[in-house]
Amino acid sequence: MLLQYIAFLLLKSWIKTLAFTPFSFLFTGIMVAPVYAWPWEFLGSYKYAIYGIFLAKELHSRYQEETIKDSWCLHIFIISMLRPVIYQLWTSYSNMLFLTRNRLIVKKGVDFKQIDKEWHWDNFILLQAIVAFLVLHMFPTSETLPVWNKNGVVSAVLLHVAVSEPLFYTLHRCFHGDYLFSNYHSLHHSSAVPQAYTAGHATFLEHLMLTLVIGVPIIGSFLIGYGSLSLIYGYVLIFDLLRCLGHSNVEIVPYRMFETIPFLRYIIYTPTYHGLHHAEMGTNYCLFMPLFDALGKTLNTKSWNMHKNKCLESGKNGRVPDFVFLAHVVDMSSSLHAPFVNRSVASLPYYTRIYLIPFLPFSFIAMLLMWAKSKAFLNSFYNIRGRLHQTWVVPRFGFQYFLPFAADGINNKIEEAILRANKLGVKVISLAALNKNEALNGGGTLFVNKHPDLNVRVVHGNTLTAAVILNDIPETVTQVFLTGATSKLGRAIALYLCRKKVRVLMLTMSTERFRNIVKEAPVDCHKYLVQVTKYQAAQDCKTWIVGKWITPREQNFAPSGTHFHQFVVPPILQFRRDCTYGDLAAMRLPEDVEGLGCCEYTMERGVVHACHGGGVVHALEGWTHHEVGAIDVERIDLVWKAALKHGLKPVSSTK
């Protein structure tokens, strides 16, 4: 009874909205047409609790009854859990750019706006589960269904071809009429890049119609006595599989199949075929069978040639990126923060999600496989002002960079990526995080010295990192405490500040390294560089620049009101409540960035690490020098002004 009551409440909610106004009013404040919004929209993600009711109903039946002939609620629940898996697998495949980049139909990235719009793409699965339950409740059966009935398969195919296909075709054409399209179907077509999730992104009214389309072959087969469990599971899951195929944006159907058996092109559509419908909208309305477009004279004449051309292009390299950011995997958990694992998760800043913990063994297996044999692969891309920017990933995890015996292998992978970028014609390749580690390759110097004729510019991007940190320090500051003082960034920060007459307390035990840095400073600035060996020396300094990880105990030496600037990875623990903590140096990409749909590690949407931003600026400016090794202090202000000129903004100024 609980499930019936829930269904009644949802129906009542929808009818009430429909009865009081001619338009439903969404939480966004946008007027929409009747039967547009979903009845459980107010529940948000809590809607998934409704599935639990199916399971509870099944468990209750098992407890109350001695024998059970049909476990309808259990089957509805299982099918409802299997269907999202199909859509997720298709979406994951579409986002495996290292496999699909040359097969993409719409060569654009899926941006945050589309991901957010399609967030509740699976509403239709819940709708059809509720409808299935209501049908079974109104027309109960005491017969035990067979697992298989070959006559049921035949009847379902015949009903699909004779009823579902023409019914969908007719409804689809109607929804492309002026009123229905502008008030309903335009939502589905608002997604610039079709993916499997897009198939479910439509209004409540449209999915009521689709429920009728998918229900006819199943109910019809049952009415004539040919129903079976395999028919229900098979038809529903194959229906979803074909819907995903059409919206996948990846052409995988071989054109030679249609050349060998020409009539097949009227029996099954392709991603290119349905992609043309999304691109031009006035043609190719069919569900799965182009035969009905041919009969209705709405078959796009470009369909077959475009399909063949897409297949032929798949064997060729696509557009050459202008800029490549060469990243690496951080750890087992963050390896799941990738668009090809789950695009929704990847569109949000990374943190350890409890529900992904069961998948960590797969991360471990992937790590072993990549360690055994792999090369840098394409993870994501976006566009800025007509320039293609890609993120490649070196197939190594963070901990591997600290294994002495792994250093040569890692450098080989980085070198392979640089040489591949050079061969392709990439203009700039920027090294991320540990890929530019001084102890590993001298901040990229190793590769530039080994290959002096490189056309691609190798960039560590740390000049902009230094600029972000330095411009975050108030001009009124006269003294700072610097840890990691003799590192690449520490050296640049110290030399820059001393020229500004800021006293720098440089924490280091190496007098030799300290003196070498002092020698680089102008003579009249030597007095502003002070070596200290203990944290106690900073007890009166309220500006700490942290380049080496410090413990909560060491933070206690800072006076109340201290602000901790930092360029250390991972960030220090925010232990002191009477102090403030800065974020890692980062820049927000220009507002005209296109196709960006994943977050860079823990960064907010549209924000990248400053070293990534430094590479972007290098590419936008068209600079022809390598930026490797030590940071050129003279260029810090130049790079900063160039970043601002191109629309990049420091994160602190955008909060």
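Criteria and thresholds
Residues numbered from 1 in each chain as written. Predicted model: local features only at pLDDT ≥ 70, side-chain atom pairs only at ≥ 80, totals over all residues. Heavy atoms only, no water. Helix = DSSP H or I, 4+ residues; strand = E, 2+ residues; numbered from the N terminus. Contact = heavy atoms within 4.5 Å. Areas by Shrake-Rupley, 256 points an atom, 1.4 Å probe, with all protein chains shown as cover. Salt bridge = Lys/Arg side-chain N within 4 Å of Asp/Glu carboxyl O. Buried < 20%, exposed > 50% of the residue type's maximum accessible area, 1.4 Å probe, protein only. pLDDT = per-residue confidence, 0-100. Pairing = 2+ DSSP bridges. Phe/Tyr/Trp six-rings, centres within 6.5 Å; stacked < 30°, edge-to-face > 60°. Axes fitted to C-alpha atoms, helices over the stretch in contact; angles between N-to-C directions.

## Observations regarding the overall build of the chain
Across its full length, the chain holds 25 helices and 16 strands. Across the chain, contacts joining residues at least 24 apart in sequence account for 69% of those joining residues at least 6 apart. Looking at the chain as shown, the accessible area adds up to about 31,100 Å², and 63% of this sits on carbon and sulfur atoms.

## Some details on the pattern of salt bridges
Proximity of charged atoms lets side chains of opposite charge pair with each other. Summed over all chains, the structure comprises 18 salt bridges. Among the salt bridges present, the one from Arg-491 reaches Glu-520, with a minimum N-O distance of 2.8 Å. With Arg-491 in helix H21 (residues 488-499) and Glu-520 in helix H22 (residues 511-520), the pair connects residues that are 29 residues apart, well separated along the chain. Of the residues examined, Arg-491 reaches a relative accessible area of 14% and is grouped as buried.

## Things to note about the confidence of the model for the chain
Should pLDDT be low for a region, the predicted coordinates there are not to be read in detail. Residues at a pLDDT of 70 or more form 93% of the chain, whose mean pLDDT is 92. Across residues 14-29, confidence stays below pLDDT 50; counting only partners more than four residues off in sequence or on other chains, it has 26 contacts.

## Details of the pairing of strand S6 (residues 428-431)
Look at any regular strand and the pattern is simple: side chains alternate between the two faces of the sheet. A two-sided burial pattern is seen for S6, the buried positions comprising Val-428 and Ser-430 on one face and Ile-429 and Leu-431 on the other. Bridge count between strand S3 (residues 323-328) and S6: four bridges; the pairing is parallel. Looking at S6, one finds that Phe-323 is bridged to Val-428. As defined by bridge partners, S6 adjoins strand S7 (residues 457-459) across three bridges and the pair is classed as parallel. Bridge pairing in S7 places Ser-430 opposite Val-459.

## Regarding the packing of aromatic side chains
Within this structure, the stated rule accounts for 32 aromatic pairs. Plain terms: the ring middles of Tyr-87 and Trp-121 are 5.1 Å apart, the flat faces sit at 35° to each other, and that makes the pair tilted. With Tyr-87 in helix H3 (residues 72-94) and Trp-121 in the loop between helix H5 (112-117) and helix H6 (123-138), this pair connects stretches of sequence that are 34 residues apart. What makes Tyr-87 buried here is its relative accessible area of 1%. On the basis of an interplanar angle of 10° and a centroid distance of 4.5 Å, the ring pair of Trp-121 and Tyr-197 is categorised as stacked. With a gap of 76 residues between them, Trp-121 in the loop between H5 and H6 and Tyr-197 in the loop between helix H8 (178-189) and helix H9 (204-223) connect regions that are remote in the sequence.

## Overview of the environment of Phe-377
For Phe-377, the position within the fold is in strand S4 (residues 377-384). Using a relative accessible area of 17% as the deciding quantity, one classes Phe-377 as buried. In this structure the C-alpha to C-alpha distance between Phe-377 and Phe-98, which are 279 residues apart in sequence, comes to 5.7 Å. Aside from chain neighbours lying at most four places away, what touches Phe-377 is Phe-98, Phe-340, Met-370, Thr-391, Trp-392, Val-393 and Pro-395.

## Comments concerning the sheet that holds strand S16 (residues 649-650)
Within the open sheet, the three strands sit side by side as S15-S14-S16. Their pairing is antiparallel. One side of each edge strand has no neighbouring strand; the edge strands of this open sheet are strand S15 (607-609) and S16. Sheet topology note: the strand S14 (residues 586-588)/S16 ladder contains two bridges and is antiparallel. Its bridge partner lying in S16, Met-587 is registered against Pro-650. Across the sheet, helix H24 (residues 610-621) touches S14 and S15, and the angle it forms with S15 is around 95°.

## Quick word on the environment of Leu-326
Structurally, Leu-326 is set in strand S3. C-alpha separation for the pair Leu-326 and Arg-103, spaced 223 residues apart in sequence, amounts to 23 Å. Every residue in contact with Leu-326, bar those within four places of it in the chain, is listed here: Ala-376, Trp-392, Val-394, Ile-414, Ala-417, Ile-429, Ser-430, Leu-431, Ala-432 and Asn-435.

## Some points on the side chain of Thr-198
Secondary-structure assignment places Thr-198 in the loop between H8 and H9. Dropping the residues within four chain positions of it, Thr-198 is found in contact with Gln-114, Glu-118, His-188, Ser-191, Val-193, His-247 and His-278.

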